[in-house]
Amino acid sequence: MNFTAVYISIYCFFLLNLPLLAQETADPSLLTLDRIYSGEFRQEYEQQIQWVNDGEGFVTIERSESMAPARDLVYYRSSDLGKSIFVSAEALSTENGPLSIESFSLSPDRSKVLIFTNSSRVWRSNTKGDFWIYDLSSQRLQQLGVDFPTSSLMFAKFSQDNRFVCYVHQFNIYQEDFRSGEIRQLTTDGDGGIINGTFDWVYEEEFGKRDGFSISPDDEHIAFWRLDATDTGVFYMINNTDSIYSQPVPVQYPKVGELPSAAKIGLIDLAGGSIKWVPLPGGERDNYIPAMQWVNEDLLLIQQMNRHQNQLLVWGYVPSTGELNQLYSEQEDTWVDLAYPDVSANGWGNNDLPIIDEGTAFLRLTENDGWRHLYRVNLSSGKQDLLSPGDYDVASLRPATTEGVYVMASPDNSTQRYLYQLAYTGQAQPQKITPEEFSGLNNYNISPNGQYAIHTHQSVDEVRTVRFIRLPEHEVIKTLVYNVDYRQQLAGLQLPETRFSQVTTEEGIEIDVRMTLPPGFDSEQLYPVLFHVYGEPWGAVAIDRQIGLWDIFMAQQGYVIIDMDNRGTPCLKGSEWRKSIYRQIGRINVRDQALATQEILKLDYLDANRTAVWGWSGGGSMTLNLLFQYPEVYGTGIAVAPVSNQLIYDNIYQERYMGLPQENREDFIAGSPVTHAKNLEGNLLLIHGTADDNVHYQSAELLINELIRHNKQFDMMAYPNRSHGIYEGENTRRHLYTLMTNYLLEHTSVE
């Protein structure tokens, strides 16, 4: 394939369409890509908060009135949002100026503040940086780890008695007395192969684990993870642009079928410095440890999963005696979920089990009876009490209070989410807390005492808003974010209409459909169709959430945009719906999408001859499979950062949903797009970042080789040194979406 010709073709097409896509439009009611990425449209978002006094107040970050653009830490009283300066920007200033507060935490007695700043990225998140402590009593500001290199500390946290701080530096755990400045190194073998107090790439990506140590409530022990990644395979990305010689970028990355890092839990005796290892059975490489937590000063809960991730054990470890007891077990034929993927849970949260009843029980969501139900589990007896009886799914948990447990659910409409409260008796019907006026997608950051919350709401018809409310009445104390300017900007545009419906495939599967129609839609006309897909267990797309600007723009270009959720996606339709994808990724989900597409294309106003599909990551894989397995249905596809071969992705994700390739390799092959690449008939644009540490650029190259082998012509774009999100570097996102828009207009444009 002549790649130079491909790039010249794309560049020339871009020039031809420049008046439409880039220049200012004469009609202010129409979007252009330049307008979208110019910064003209800006939404407001709430700041990080930390609840204090069990929720009677909170501290947050606000722009300083006296020292703008620096920021103060501000205290709000929850009952009426009475405001006072907690720590001023002046107090948080050094000789180099005010600290840029990225996040903060308070000591248990609120006498000190820990400021995180000057951060740098570790895998997905900026978890490495500098830490400063401000003492409200002495009004003294000091930096931790001053002898260590800049931006090299992780996860600093206070002891309960505020005598010291612990943190991670270069894969080892340190203790620093912030009064004397004395630093003790508590682990010594961390070197990158051995990892103490934090995690390797795959634990962070697939278990949401970053902070890997915890101080006991009596300050006598530190419990921590130790990972041995010395035998984990290293994948090398190549940086070709920052030097005249290429530079390899190594990533410890266990591919599917390869052994994970060995993991164990150690307890550091802070008095003497000795380390004891918790004697978990089953082997350090044959099991995962996705969570641990202190219940009290002499009980540590540890969650352990087997390699197949279809068994969860909860162990109780007693430091004073060294006793280890199995407190709970759970097993499924498919997989056991820890933190449930849900549109109202913001991805991985804390894997800890909520402790209730004064430390005598915990809460656990399970799917052993066909639905995702909530149980209370007694720590001593193991007795399980069902708290959410009925044929509906609990989407995710919120805080438990003395009156009951707050949960997110939507028994009647999987495209939406609402707050409910469940009684501890498990007998009463769940009480819906969210008022009817907030139809759509809701989320809540609830205070520990359950009396207050920050409530966010959005829908396809409503811009995202944030309110501070009192519970359980859902009384609005104050609207924090209303996005007035953004609302007015949208009101001046020609906006599409979005409709929800269902379509039933020939196999009797009912699929949720979100359809966005062009402004001035006329059912007597014929429109091109753009399908947006994901289709795997970690995402849903047919959701009642705010429509993005690019979707508005494409609708203004005359496209009908359709999102659909197949079996295997985290819809609230029962366990069979979600778990039927086990060992079937790339097959059952692809078939559901294709058959639903065939049904929906029977609508008179949809042009079956001008169909396009696009998706990112798992959605990119879905796009490839749809193009390759159903070439008669989809004429054009754009696959961004797709997994082309399931045998090269990471072990935790792929083995959770597909099993081990040593046992069922044929399922991995059957569901991989590369297997079906020979069937390509339509137009394919393949896009990938060369520094993608999640889905490696290797995935694109393997697919390219297979397409070449079968003489299948296609288009591609490689983004140098961009990661999975393809956002690094000036103008990257505008370039990416201009490329995609041009491609769609070229192959499926409105006639």
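Residues numbered from 1 in each chain as written. Predicted model: local features only at pLDDT ≥ 70, side-chain atom pairs only at ≥ 80, totals over all residues. Heavy atoms only, no water.

Comments concerning the overall build of the protein
Stated precisely, the cut-off is as follows: Numbered from the N terminus, helices here are DSSP runs of H or I no shorter than four residues, and strands are runs of E no shorter than two. Throughout, the radius of gyration refers to the C-alpha atoms, and the reference size of a globule is 2.2 Å times the residue count to the power 0.38. The rule is simple: take the accessible area with a 1.4 Å probe, protein chains only, and divide by the maximum for that residue type; under 20% is buried, over 50% is exposed, in between is partly exposed. For the accessible areas, the method is Shrake-Rupley and the probe is 1.4 Å, while residue cover comes only from the protein chains on display. The charged-residue count follows a simple rule in which Lys and Arg add positive charge and Asp and Glu add negative charge, with His and chain termini not counted at all. Charged side chains are reduced to one point each, which is NZ for Lys, CZ for Arg, CG for Asp and CD for Glu.
The number of helices and strands found in the protein is 14 helices and 45 strands. At 27 Å, the protein has a C-alpha radius of gyration in line with the 27 Å of a compact globule built from 751 residues. Counting every position in the protein, which comprises 751 residues, the buried fraction comes to 59%. For the protein, the accessible surface area stands at approximately 29800 Å², while carbon and sulfur atoms represent 46% of it. Of note, the protein has its 56 positive side-chain charges centred 1 Å away from the centre of its 98 negative side-chain charges.

Concerning the pattern of salt bridges
The test is simple: Take a side-chain nitrogen of Lys or Arg and a carboxyl oxygen of Asp or Glu: if they are within 4 Å of each other, that pair is a salt bridge.
Inspection of every chain in the model, using the stated rule, returns 37 salt bridges. A salt bridge links Arg587 to Asp667; the nearest nitrogen and oxygen atoms lie 2.8 Å apart. Here Asp667 lies in helix α11 (residues 661–671) and Arg587 lies in the loop between α7 (575–579) and α8 (588–600), a separation of 80 residues in the sequence. A relative accessible area of 14% means that Asp667 is categorised as buried. Here Glu706 and Arg709 are joined by a salt bridge, their closest N and O atoms 2.9 Å apart. Taken together, the positions of Glu706 and Arg709, both in helix α13 (residues 698–709) and 3 residues apart, correspond to about one turn of that helix.

Things to note about the packing of helix α10 (residues 651–658) against α11
Using the following cut-off: Axis lines are fitted to C-alpha atoms, over the contacting stretch for helices. Their N-to-C directions set the angle, which ranges from 0 to 180 degrees. Roughly parallel means an angle under 35 degrees; roughly antiparallel, over 145; roughly perpendicular, 65 to 115; everything else is oblique. Here, residues are in contact when the closest pair of their heavy atoms is within 4.5 Å. By the convention adopted, Pro, Cys, Tyr, Trp, Phe, Met, Ile, Leu, Val and Ala count as nonpolar, Lys, Arg, Asp and Glu as charged, and the other residues, Gly among them, as polar.
Contact geometry for α10 and α11: axes closest at 11 Å, N-to-C directions at 80 degrees. The orientation of α10 with respect to α11, classified from their angle, is roughly perpendicular. Together, Gln654, Glu655 and Met658 of α10 and Pro661, Asn664, Asp667 and Phe668 of α11 make up the contact between the two elements. The residue inventory of the contact of α10 with α11, partitioned by class, reads 3 nonpolar, 2 polar and 2 charged.

Some points on the environment of Ser749
Relative to the helices and strands, Ser749 is located in the segment after α14 (732–748). Sequence spacing of Ser749 and Met292 is 457 residues, and the spatial spacing of their C-alpha atoms is 54 Å. Beyond its immediate sequence surroundings of up to four residues, Ser749 is in contact with Tyr559, Arg610 and Leu744.

Thoughts on the environment of Asn449
Applied cut-off: Polar contact is the term for a pair of N or O atoms within 3.5 Å; when the atoms are in protein, one must be able to donate a hydrogen and the other to accept it, and sequence-neighboring residues count only if both atoms are side-chain atoms.
As for its position among the elements, Asn449 is in the loop between β34 (441–446) and β35 (452–459). Between the alpha carbons of Asn449 and Ile85 there is a distance of 24 Å; along the sequence they are 364 residues apart. Residues within four places of Asn449 in sequence aside, it is in contact with Asp54, Gly55, Glu56 and Thr401. Reaching out from Asn449, the side chain makes a polar contact with the side chain of Glu56 at a distance of 3.0 Å. Reaching out from Asn449, the side chain makes a polar contact with the side chain of Ser447 at a distance of 2.6 Å.

Considerations on the confidence of the model for the protein
Residues shown with low pLDDT carry predicted positions that ought not to be read at fine detail. Stated precisely, the cut-off is as follows: Confidence of the predictor at the level of single residues is captured by pLDDT, which takes values from 0 to 100.
Overall, the prediction assigns the protein a mean pLDDT of 93, with 96% of residues at 70 or greater. Counting contacts from residues 1–24, a segment whose pLDDT is below 50, to residues more than four positions away or on other chains yields 36 contacts.

Structural notes on the sheet that holds strand β37 (residues 475–481)
Just so we agree on the cut-off: Two strands qualify as a pair provided that DSSP identifies no fewer than 2 bridges between them.
Spatially, β34-β35-β36-β37 is the arrangement adopted by the 4 strands of the open sheet, whose pairing is antiparallel. With partners counted over all chains shown, the strands left at the sheet margins are β34 and β37, one partner each. The sheet shows a mean angle of 25 degrees between the axes of neighbouring strands, taken without regard to direction. As paired strands, strand β36 (residues 462–470) and β37 are joined by 5 bridges and run antiparallel to one another. Bridge pairing links Val466 to Val481 in β37.

Digging into the side chain of Ser111
Topologically, Ser111 is positioned in the loop between β7 (103–106) and β8 (112–122). Ser111 sits in the buried class, given a relative accessible area of 13%. Reaching out from Ser111, the side chain makes a polar contact with the side chain of Lys112 at a distance of 3.2 Å. Not counting residues within four places of it along the chain, the set of residues in contact with Ser111 comprises Tyr134, Asp135, Leu136, Ser137 and Asn162.

Considerations on the packing of helix α6 (residues 549–556) against α14
Where we set the bar: Here is the rule for handedness: rotate from the far helix to the near one, and if that takes an anticlockwise turn smaller than a right angle the crossing is left-handed, while a clockwise turn gives right-handed.
Remark: α6 packs on α14, axes separated minimally by 12 Å, with the N-to-C direction vectors making an angle of 25 degrees. The pairing of α6 with α14 is recorded here as roughly parallel in orientation. The two elements α6 and α14 cross, and the hand of that crossing is right-handed. Counting all contacts with α6, which are made through Trp550, Phe553 and Met554, the residues of α14 involved are Tyr737, Met740, Thr741 and Leu744. Looking at the contact of α6 with α14 residue by residue, the classes come out as 6 nonpolar, 1 polar and no charged.

Looking at the sheet that holds strand β32 (residues 418–422)
Read across the sheet, 4 strands follow the order β30-β31-β32-β33 without closing on themselves; strand pairing throughout is antiparallel. The open sheet has two edge strands with one neighbour each: β30 (394–400) and β33 (431–432). Taken together, the 5 bridges between strand β31 (residues 405–409) and β32 define a ladder with antiparallel strand orientation. When the sheet's bridge partners are listed, Ala409 is paired in β32 with Tyr418.

What to know about the pairing of strand β2 (residues 57–63)
Of all the 7 residues making up β2, 5 are buried; the element is thus mostly covered by neighbouring parts of the structure. Across 4 bridges, the pairing between strand β1 (residues 49–52) and β2 is antiparallel. Bridge pairing in β2 links Val52 to Gly57. Counting the residues that bridge the hairpin from β1 to β2 gives 4 residues, and of these Asn53 lies at a positive phi of roughly 55 degrees. Direction of pairing for β2 relative to strand β3 (residues 71–77): antiparallel, over a ladder of 7 bridges. Residue pairing for β3: Ile61 is matched across the bridge by Leu73.

Quick look at the packing of aromatic side chains
Going by this rule: Note on aromatic pairs: the rings of Phe, Tyr and Trp (six-membered ring only in Trp) are paired at centre separations within 6.5 Å, and the planes decide the class, stacked below 30 degrees, edge-to-face beyond 60, tilted for the rest. Only when the NZ of Lys or the CZ of Arg is both within 6 Å of the ring centre and within 35 degrees of the ring normal is a charge said to sit over the ring.
As enumerated under the stated definition, the model contains 29 aromatic pairs in all. Aromatic side chains Tyr203 and Phe207 sit 5.3 Å apart centroid to centroid with 70 degrees between the ring planes, which places their arrangement in the edge-to-face category. With Tyr203 and Phe207 both in helix α4 (residues 201–207) and 4 residues apart, this pair spans about one turn of that helix. For Phe207, a relative accessible area of 0% corresponds to the buried category. Over the ring of Tyr482 we find Arg487; its NZ or CZ atom is 3.8 Å from the centre of that ring. Lys573 extends its terminal NZ or CZ atom over the ring of Trp577, reaching a point 4.3 Å from the ring centre.

Focus on the nonpolar core
Heads up, the condition is: Nine residue types can take part in a nonpolar core, namely buried Ala, Val, Leu, Ile, Met, Phe, Trp, Tyr and Cys, and a core is a set of them joined through side-chain atoms within 4.5 Å.
In terms of nonpolar packing, the biggest core is built from 59 residues, with Tyr203, Ile265, Leu267, Ile289, Leu300, Leu301 and Ile302 touching the most fellow members. Counting residues in hydrophobic clusters, the runner-up holds 45 residues, among them Val560, Tyr605, Val613 and Val633.

Some thoughts on the pairing of β31
Most of β31 is tucked away, with 5 of its 5 residues classed as buried. Along β31, one buried face is formed by Val405, Val407 and Ala409 and the opposite face, lined by Tyr406 and Met408, is buried too. Pairing of β30 with β31, which is carried by 4 bridges, proceeds in the antiparallel orientation. Its bridge partner lying in β31, Ala400 is registered against Val405. Taking the residues that link successive antiparallel strands as the turn, the β30-β31 hairpin has 4 residues.

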